[in-house]
Amino acid sequence: GRYYSFSTGEVLKNLNKFYKRKEIQRLGAENGLDARLFHQAFISFRKYIMESSSVSADLHIILNDICCGAGHVDDLFPFFLRHAKQIFPMLDCMDDLRKISDLRLPPNWYPDARAIQRKIIFHAGPTNSGKTYHAIQRFLSAKSGIYCGPLKLLAHEIFQKSNDANVPCDLVTGEERVYANEDARQAPHVACTIEMCSTNTPYEVAVIDEIQMIRDPARGWAWTRALLGLCAEEIHVCGEPAAVDLVTELMYTTGEEVEVRNYKRLTPLTVLDNALESLDNLRPGDCIVCFSKNDIYSVSRQIEARGLECAVIYGSLPPGTKLEQAKKFNDPDDPCKILVATDAIGMGLNLCIRRIIFNSIVKPTVNEKGEKEIDSITTSQALQIAGRAGRFGSSFKQGEVTTMHRDDLMQLKEILSEAVPPVKAAGLHPTPEQIEMFAYHLPDATLSNLIDIFVSLSQVDGMYFVCNIDDFKFLADMIQHIPLNLRSRYVFCTAPLNRKEPFVCTTLLKFARQFSRNEPLTFDWLCRHTKWPLAAPRNIKELVHLEAVHDVFDLYLWLSYRFMDMFPDAVLVRDIQKKLDDIIQIGVCNITKLIRASQSAAAPGTAEVVSEDFPLSRTKKDGRVVSDRQGAASPEALSVAVEAAGLRRAKNLRPRPGSRREDLKSYGRGSLANRLLQEGLLTQEMLKQLESEWQDQHRNGRYGLGSKRGDQHSSKEVGKKRK
């Protein structure tokens, strides 16, 4: 190093003093260094001073003065900032970047809408109160209109309704355009998924459905955009009363008044005093709501074991299959009288349900840190689902709600009786233009970094928040190494896909790679990649794969509307997607057979049935947070997994303090283990592995059973798992 007239210890001490000073941190923040960047810049600056042999003379003098007590640590700031700007070039154009990412006046982004005086009518009420019905009547009687809904199914329904009523209406979703006119001329009415609505086409009437979703952490921006940006003389907003205040406040900033029409539920809804407790007590018109696919598999299997037929609906099924299953369940002449579903039934399907039964009242969610959390469902979710019972105009004149388990019923009653907290803020999302302007100033930053910097600099009013862009960043990182221009890269990153599906993700990667080579993605290429034609599924693993292929076809269609020349075969792909939907329908009709096949120990899909979302616990009382990285390796995790498989508490699986090693052998014969084996949720191999893991845990003194014998094998295992 260099010759200092003071010790390195002294320098370090003063540098740390500099770092800890609130004043310096404030100055840093003013110059664009938030806590994270400030920390990174400081570490780099410290390294530069301590390890570099060429610290500039002026900095050397200042350091000398500080160490001799003649200077103040604050004098280092200009040098620190100079260094920070070298490693973070954005600090130089901070003012420009701040202007670009200023999201404080969203109404001004829509000059066309601001140029007209719009009338806002809020139809507020619970599920099944006729609020959307009244808005749609107005839509149908208008000369021109647009309907914006959260789901393809809802857009489809309005498209059908409208054309059936002889009001020509087009359908526009991310993956599909259907024109009412043969010659593909635009009809005066359109039904679309909300992300697809046009903010520069004038309409007489617009309907925005499920407005409370404006608070959705990922999709809220689309409702904000529609509410502020649609060019319609009348805007009919439908949704929970909890959103009235926010909508009124937002419209106050645009100078538009809101007329609120309140609706009451049309049929009575009763919360029963008894839980179901056993599937033997099921009646026709019952719907069991589960919050994981595993529970769906397990419950439908147990229903079938009682000689009853059931329909199955969950989120990742194609829309056609969902509609078929709903039709089967609704049909009075069909022997299928029971429905097993996830909260996917909360919206978009018309179902004739007599009684909603909550299989559990906890739902796995992912918190800000990306960890899985088990939390009770919100009042809003509970009302939305419970409200599906006893639909107006269905064969059941009143609805009933209860739980599967006795100890959940009190809590459900509490949840349902609470007031829904008011919607506090509306989502926003950076536009491609804003990101492009950022990229112009920061040519070397990756798209993922650009978005990060954008969000950290963005300023929003109290009524707004920036939507989480985790999916966007996930895709941006995934295709970072592929050479694409910024616009195309941005489009690929906004593709709607479930990042938990590896097959869909790798397909997007292949699409992007071909695209970057300027090679069109043909129908033949897609058939080779997906191994089309595909056979009907023989087990759950194959069904899940078919659902993923269906999503891949959706992805192709979505991209084909954005890059027509590069994804030229949309018509052919839509044809095979319809065929695939039929194949999936066959699989779902035979779902209990598939589950049985998956659970027979020989089937390759064995573990698959329970690998989806566990470990999950049934209640939140233990406040456990389950990280994605944790396998079901510990007895703790297994008991959780067992609960996830829809079986009642497995506390008796946990070794009791004071139980001896020999006792463990009896677990193998215990009724729970037998039940698990019979259900096919546990194989003999899994049982053996668990036994040996329990023994290891005993030896290692977990659960206070301290045993002197260390076990090298098990500590190696633990070491492996941590990596």
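You'll find the structure just up there.
Residues numbered from 1 in each chain as written. Predicted model: local features only at pLDDT ≥ 70, side-chain atom pairs only at ≥ 80, totals over all residues. Heavy atoms only, no water.

Engineer: Describe the overall build of the protein chain, listing the residues and the values that go with them.
Structural biologist: Per the secondary structure count, the protein chain includes 29 helices and 19 strands. Per-residue burial over the protein chain gives 52% buried out of 723 residues. Contacts in the protein chain between residues at least 24 apart in sequence constitute 74% of all its contacts with a sequence separation of at least 6. With an accessible surface of roughly 33,800 Å², the protein chain has 53% of that area assigned to carbon and sulfur atoms. (Helix = DSSP H or I, 4+ residues; strand = E, 2+ residues; numbered from the N terminus. Buried < 20%, exposed > 50% of the residue type's maximum accessible area, 1.4 Å probe, protein only. Contact = heavy atoms within 4.5 Å. Areas by Shrake-Rupley, 256 points an atom, 1.4 Å probe, with all protein chains shown as cover.)

Engineer: Explain the packing of aromatic side chains to me, using residue names and the numbers behind them.
Structural biologist: We describe a pair of aromatic rings using the distance from one ring centre to the other and the angle between the two ring planes. One pass over the full model with this rule turns up 18 aromatic pairs. Ring geometry for Phe 77 against Phe 80: centres 6.1 Å apart, planes inclined by 50°, an arrangement best described as tilted. Of this pair, Phe 77 and Phe 80 are both found in helix α5 (residues 77-87), 3 residues apart, which corresponds to roughly one turn of the helix. For Phe 77, a relative accessible area of 10% corresponds to the buried category. We classify Phe 80 as buried; its relative accessible area is 0%. Both rings, one in Trp 532 and one in Phe 553, keep their centres 6.1 Å apart while their planes meet at 70°; by these two values the pair is edge-to-face. (Phe/Tyr/Trp six-rings, centres within 6.5 Å; stacked < 30°, edge-to-face > 60°.)

Engineer: Just give me the short version of the sheet that holds strand β5 (residues 189-193), but keep the residues and values in it.
Structural biologist: Spatially, 8 strands are ordered β4-β3-β5-β2-β6-β7-β1-β8 in an open sheet, and the strand pairing comes out mixed. This sheet does not close on itself; its edge strands, each paired only once, are β4 (176-178) and β8 (258-262). Each neighbouring strand pair of the sheet contributes to a mean axis angle of 15°, computed without reference to strand direction. The pairing of strand β2 (residues 145-149) with strand β6 (residues 202-208) spans 4 bridges and is classified as parallel. Looking at the pairing, Cys 148 lines up with Ile 208 of β6. (Pairing = 2+ DSSP bridges. Axes fitted to C-alpha atoms, helices over the stretch in contact; angles between N-to-C directions.)

Engineer: So what's going on with the side chain of Lys 293? Residues and values would help.
Structural biologist: In this fold, Lys 293 is placed in helix α12 (residues 293-305). The class for Lys 293 is buried, based on a relative accessible area of 15%. A polar contact is formed between the side chain of Lys 293 and the side chain of Ser 316, at a distance of 3.1 Å. Of the polar contacts made by the side chain of Lys 293, one reaches the side chain of Glu 547; its length is 3.1 Å. (Polar contact = N/O pair within 3.5 Å; in protein donor to acceptor, adjacent residues only side chain to side chain.)

Engineer: Before we move on, could you go through unusual backbone geometry and cite the residues and values that matter?
Structural biologist: Of note, the bond from Trp 532 into Pro 533 is cis; its omega dihedral lies within 30 degrees of zero at 0°. For Ala 184, which is not glycine, the phi dihedral falls at a positive 60°. Since its relative accessible area comes to 42%, Ala 184 is described here as partly exposed. Of note, the phi angle at Lys 531 is positive, near 60°, even though the residue is not glycine. Its location among the elements puts Lys 531 in the loop between α21 (523-530) and α22 (540-562). Accessibility expressed as a relative area gives 63% for Lys 531, which makes it exposed.

Engineer: Please give an account of helix α20 (residues 502-516) that cites residues and values.
Structural biologist: Along its 15 residues, α20 runs 21 Å from first to last C-alpha, staying within 8% of the 21 Å computed at 1.5 Å per residue. Every buried residue belonging to α20 is among Val 504, Cys 505, Thr 507, Leu 508, Leu 509, Phe 511, Ala 512, Gln 514 and Phe 515, and all of these are buried. In this structure, the buried side of α20 is in contact with α18 (470-478), α19 (486-493), α21 and α22. Positive backbone phi, approximately 65°, marks Asn 518, located one or two places after α20. (Expected span 1.5 Å × (residues − 1).)

Engineer: Would you mind going over the nonpolar core in detail, with residue names and values included?
Structural biologist: If you look at the biggest cluster of nonpolar residues, it comprises 154 residues, and the most contacted ones within it are Leu 33, Phe 492, Phe 511 and Phe 567. Here the element with the most residues in this core is α22; it accounts for 12 residues. Leu 339, Leu 349, Leu 351 and Ala 389 belong to the second largest nonpolar core, which has 27 residues in total. (Core = buried A, V, L, I, M, F, W, Y, C linked by side-chain atoms within 4.5 Å.)

Engineer: Tell me about the packing of α20 against α22, residues and numbers included.
Structural biologist: Contact geometry of α20 with α22 gives a least axis separation of 9 Å together with a crossing angle of 30°. As judged from the angle between their axes, α20 and α22 are roughly parallel. The two elements α20 and α22 cross, and the hand of that crossing is right-handed. Contacts between α20 and α22 pair Phe 503, Val 504, Thr 507, Leu 508 and Phe 511 from the former with His 545, Ala 548, Val 549, Asp 551, Val 552, Leu 555, Tyr 556 and Leu 559 from the latter. Partitioned by chemical class, the residues of the contact of α20 with α22 number 10 nonpolar, 2 polar and 1 charged. (Parallel < 35°, antiparallel > 145°, perpendicular 65-115°, else oblique. Left-handed = near helix turned anticlockwise from the far one by under 90°. Nonpolar A, V, L, I, M, F, W, Y, C, P; charged D, E, K, R; others polar.)

Engineer: Go over the sheet that holds strand β16 (residues 399-403), please, and point to the residues and values.
Structural biologist: Ordered by their spatial adjacency, 6 strands build an open sheet running β9-β16-β13-β10-β12-β11, and the pairing between neighbours is parallel. On the outer flanks of this sheet lie β9 (269-271) and β11 (310-313), each paired with one strand and no other. Within this sheet the neighbouring strands show an average axis-to-axis angle of 20°, counted without direction.

Engineer: Please set out the environment of Arg 499 residue by residue, giving values where relevant.
Structural biologist: Considering the arrangement of structural elements, one finds Arg 499 in the loop between α19 and α20. Taking the C-alpha atoms as reference, Arg 499 lies 8.3 Å from Leu 475; in sequence the two are 24 residues apart. If near-sequence neighbours (up to four positions away) are discounted, Arg 499 is found in contact with Asp 470, Asp 471, Phe 474 and Cys 505. A polar contact is formed between the side chain of Arg 499 and the side chain of Asp 471, at a distance of 3.0 Å.

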